[in-house]
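# Fold and geometry: a report
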Amino acid sequence: MSEPPFPSLLPGAAIGIVGGGQLGRMTAQAAARMGYRVHIFTPEADSPAAQVTPDVTIAAYDDLDAIAAFARTVDVATFEFENVPAATAIALAEHVPLRPGVNCLEVAQDRIREKTFLNANGGPTVAFEAVDSAADLARALETIGRPAVLKTARLGYDGKGQVRIEPDTDVGEAYAAMGAARGILEAFVDFDSEISVILARQDAERVVAFEPVENRHRHHILDTTIAPAPIPADLARQAVAIAEAIAEGLDLIGLLAVELFVTADGKLLVNEIAPRPHNSGHWSIDACVTSQFEQFVRAICGLPLGNPSRHSNAVMRNLIGDDIDEIAALMADPDIKIHLYGKAEARPGRKMGHATKLYPLEAKGPPPKMPFFGM
Ligand code: AMP
């Protein structure tokens, strides 16, 4: 193997994380366990990540003086969500190594740029058209056909800013319902299942992927992850190869999550990517030799990447809103591990925590049931 692409930052060094949510919290927990200091930058008081480290800057993302001061206190910087404003990321990268780099944010922030990039870098996607007006939408529907899905190009997540266009949907109403912003019209995918691959990469020789998992959504929010995905081994290999090609195209240093559709005719189409830890990787904390969060820390600090193998099978359920009231029932199952994010208020749709049920590698048949969820 050639020399590592950059000098290792050994434990004792400080990692700066932009964003104070649960992904930052679980990254900070993994980093602390390995002996790193973590400094969180977030506009929010008492955020999930800020509860687990003493080093916190509370300031707006566009406060570039605060960003510069934050950067001076850390040895490497990263982010736990991809909608970090471009100017913030650029300012950060001027002062400290930013891993992954600004290019990864730019690709992941805009669905049109993302799908264009994916198609040019070994990541097949559904047919799509950019849409800037209701008239554009009418034209794009001629090409794409119905049913279709109209999404905002930027700042959409968990199904927000998404409109399904059926044969009888009015074009003007659909455009308004999406938010009358720059949008992307996608062909509707008739999928059998949705899967994701998470990998860590430092350079072309240092790439390690977790096995693909199956993801089931409820109201557009991730509800359940099944590890491993019950798909043929050949399809799993193809999914990993696609994720590797995308990471190579991004020249990624860090973690990448790639969400894919398995179509009814057995093909893979990439839905979206995220250059950060991902909700569909939470099972790895309890079921793998190295979790996605530890792997993320290793990747950005230039440590050898860890072993991603699974020592148990797992089902992960998100605890959303009032689901959190059921934790006593979940805790009664000794094979369930509970992770809560320290959020005070359980609003509908809010990710409060997750529960992972472990079961033996050699188990056959569907995943075991979990109390309360009845699955
Ligand atoms: P997204 O915000 O793009 O991740 O979409 C959220 C969820 O909506 C996906 O996980 C799918 O379940 C569904 N979805 C998104 N795009 C499409 C599409 N083009 N065809 C069918 N379902 C879709």
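The structure we're discussing is the one just above.
Small disclaimer: the values here were computed from a predicted structure and weren't measured. (Residues numbered from 1 in each chain as written. Predicted model: local features only at pLDDT ≥ 70, side-chain atom pairs only at ≥ 80, totals over all residues. Heavy atoms only, no water.)

## Overview of the packing of aromatic side chains
Centre-to-centre distance and the angle between the planes together describe a pair of aromatic rings. Tallying each qualifying case throughout the model produces four aromatic pairs. Aromatic pair F191 and F261: ring centres 5.1 Å apart, planes at 20 degrees, arrangement stacked. In this pair, F191 is assigned in strand β9 (residues 191-203) and F261 in strand β13 (residues 254-263), connecting sequence segments 70 residues apart. Under the relative-accessibility criterion, F191 is labelled partly exposed at 35%. In this structure an aromatic cluster arises from ring pairing among F41, Y61, F70 and F81. Over the ring of F6 we find R99, and its NZ or CZ is 3.7 Å from the ring centre. Its end group placed over the ring of F188, R164 keeps NZ or CZ at 4.0 Å from the ring centre. (Phe/Tyr/Trp six-rings, centres within 6.5 Å; stacked < 30°, edge-to-face > 60°. Helix = DSSP H or I, 4+ residues; strand = E, 2+ residues; numbered from the N terminus. Buried < 20%, exposed > 50% of the residue type's maximum accessible area, 1.4 Å probe, protein only. Lys NZ or Arg CZ within 6 Å of the ring centre and 35° of its normal.)

## Digging into the site of the ligand
Taken together, 15 residues are adjacent to the ligand, and K151, Q162, V189, E194 and E272 come closest. E186 has a polar side-chain atom sitting 3.0 Å from a nitrogen atom of the ligand. Within the side chain of E194, an N or O atom sits 2.6 Å from an oxygen atom of the ligand. Those elements giving two or more residues to the shell around the ligand turn out to be β6 (148-152), β8 (183-187), β9 and β14 (268-274). (Near = heavy atom within 4 Å. Polar contact = N/O pair within 3.5 Å; in protein donor to acceptor, adjacent residues only side chain to side chain.)

## Re the pairing of β8
Side chains on a regular strand alternate between the two faces of the sheet. The buried fraction of β8 amounts to five of the five residues, a majority that puts the element mostly inside the structure. Neither face of β8 is exposed, since G183, L185 and A187 on one face and I184 and E186 on the opposite face are all buried. The sheet contact formed by β6 and β8 spans five bridges and is antiparallel. Looking across to β8, one finds that L150 is bridged to L185. (Pairing = 2+ DSSP bridges.)

## Let's talk about the nonpolar core
In terms of nonpolar packing, the biggest core is built from 35 residues, with I15, Y36, W283, V297 and C301 touching the most fellow members. Beyond its immediate stretch of four places on either side in the chain, C301 contacts F6, P7, S8, L9, I15, Y36 and V76. F117, L250, V258 and L260 belong to the second-largest nonpolar core, a separate cluster that totals 27 residues. (Core = buried A, V, L, I, M, F, W, Y, C linked by side-chain atoms within 4.5 Å. Contact = heavy atoms within 4.5 Å.)

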